[in-house]
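Listed here are the chains, written in short residue letters.
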Amino acid sequence: MKVDVVSLFPAYLDPLNLSLLGKAQTQGLVQVQVHDLRNWATDPHRSVDDTPYGGGPGMVMSPLVWGSALDHIREGAQTKPTLIIPTPSGEPFSQVLAAEFSRAEHLVFACGRYEGIDSRVGVHYSSSEQWEKVREISIGDYVLAGGEVATLVIIEAITRLIPGVLGNPQSVVDDSFSRPDSFIEGPVYTKPLGWRGLEVPEVLRSGNHGAIEQWRQDQAQARTRKYRPDLLTEIPPEQV
Ligand code: ADE
């Protein structure tokens, strides 16, 4: 998979070279390139934004600069990329979307700052034959200072699903949210058996795989009921 990220703060994306993703890049499973948006600014001040039409606070990022940057990336690509624009007003990110994006050949992330990117950028590339599609994505109901951290989150969730990136492929299967009917995962333990007066639950030491699986399911269900009741889709009584 090829990943391009365009940002005013390329150093924000440095963690992409660490850990699992750093290794995936070394192995050639993922190629990440980070670009400085300011390279495509043309005026003497190298500005990338302007005041919003209709008034209001803050600045809006210029479609002229974004258009030049994204066209440049497209010109250097062999296949049609998918453009991802992280924004708090986008479609909610999810494990299902991560799985969908993990099958893409080429993703381009446009990291906005200030009040966001001129809306015509998304509209233009959505209808362009040269691009696969455009997705505006929110990682949660809170507002970050820019799209960089959201991009890190989205890339990490996507790339760990690419075959070969994780050491143990079963980890992906067991993840919270990986099945449509899934619960969030329950508690996990390692050695030592006792720590600060807290013991590892007896059942996990029993060697009874059926009982362990049942206990894990019960724990996951209880945790889901407590923290994420919205994930529990009740079957209407008339269908029981
Ligand atoms: N940019 C600012 N806030 C964001 C959010 N919640 N999700 C995605 N991108 C953002």
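Our subject is the structure listed above.
Residues numbered from 1 in each chain as written. Predicted model: local features only at pLDDT ≥ 70, side-chain atom pairs only at ≥ 80, totals over all residues. Heavy atoms only, no water.

**Description of the site of the ligand**
Here comes step 1: Lining the immediate surroundings of the ligand are P86, T87, P88, I137, S138, I139, G140, Y142, V143, L144, G146 and A150.
Here comes step 2: One of the backbone nitrogen or oxygen atoms of T87 is found 3.1 Å away from a nitrogen atom of the ligand.
Here comes step 3: At 3.0 Å from a nitrogen atom of the ligand is found a main-chain nitrogen or oxygen belonging to I139.
Here comes step 4: In isolation the ligand has 260 Å² of accessible area, and contact with the protein removes 96% of it.
Here comes step 5: The element that contributes the greatest number of residues to the shell around the ligand is strand β5 (residues 82-92), accounting for three residues.
Here comes step 6: In the shell around the ligand, the residues fall into eight nonpolar, four polar and no charged. (Near = heavy atom within 4 Å. Polar contact = N/O pair within 3.5 Å; in protein donor to acceptor, adjacent residues only side chain to side chain. Areas by Shrake-Rupley, 256 points an atom, 1.4 Å probe, with all protein chains shown as cover. Helix = DSSP H or I, 4+ residues; strand = E, 2+ residues; numbered from the N terminus. Nonpolar A, V, L, I, M, F, W, Y, C, P; charged D, E, K, R; others polar.)

**Notes on the pattern of salt bridges**
Here comes step 1: This model, assessed by the stated rule, comprises nine salt bridges.
Here comes step 2: The closest approach of N and O atoms between E199 and R205, which form a salt bridge, is 3.6 Å.
Here comes step 3: Residue E199 is classed as exposed on the basis of its relative accessible area, which comes to 53%.
Here comes step 4: Residue R228 pairs with D230 through a salt bridge whose shortest N-O separation is 2.8 Å.
Here comes step 5: Residue classification places R228 among the partly exposed positions, given a relative accessible area of 29%.
Here comes step 6: Through salt bridges with shared partners, a single ionic network connects E91, E100, K133 and R135. (Salt bridge = Lys/Arg side-chain N within 4 Å of Asp/Glu carboxyl O. Buried < 20%, exposed > 50% of the residue type's maximum accessible area, 1.4 Å probe, protein only.)

Read these as geometric descriptors, not functional statements.
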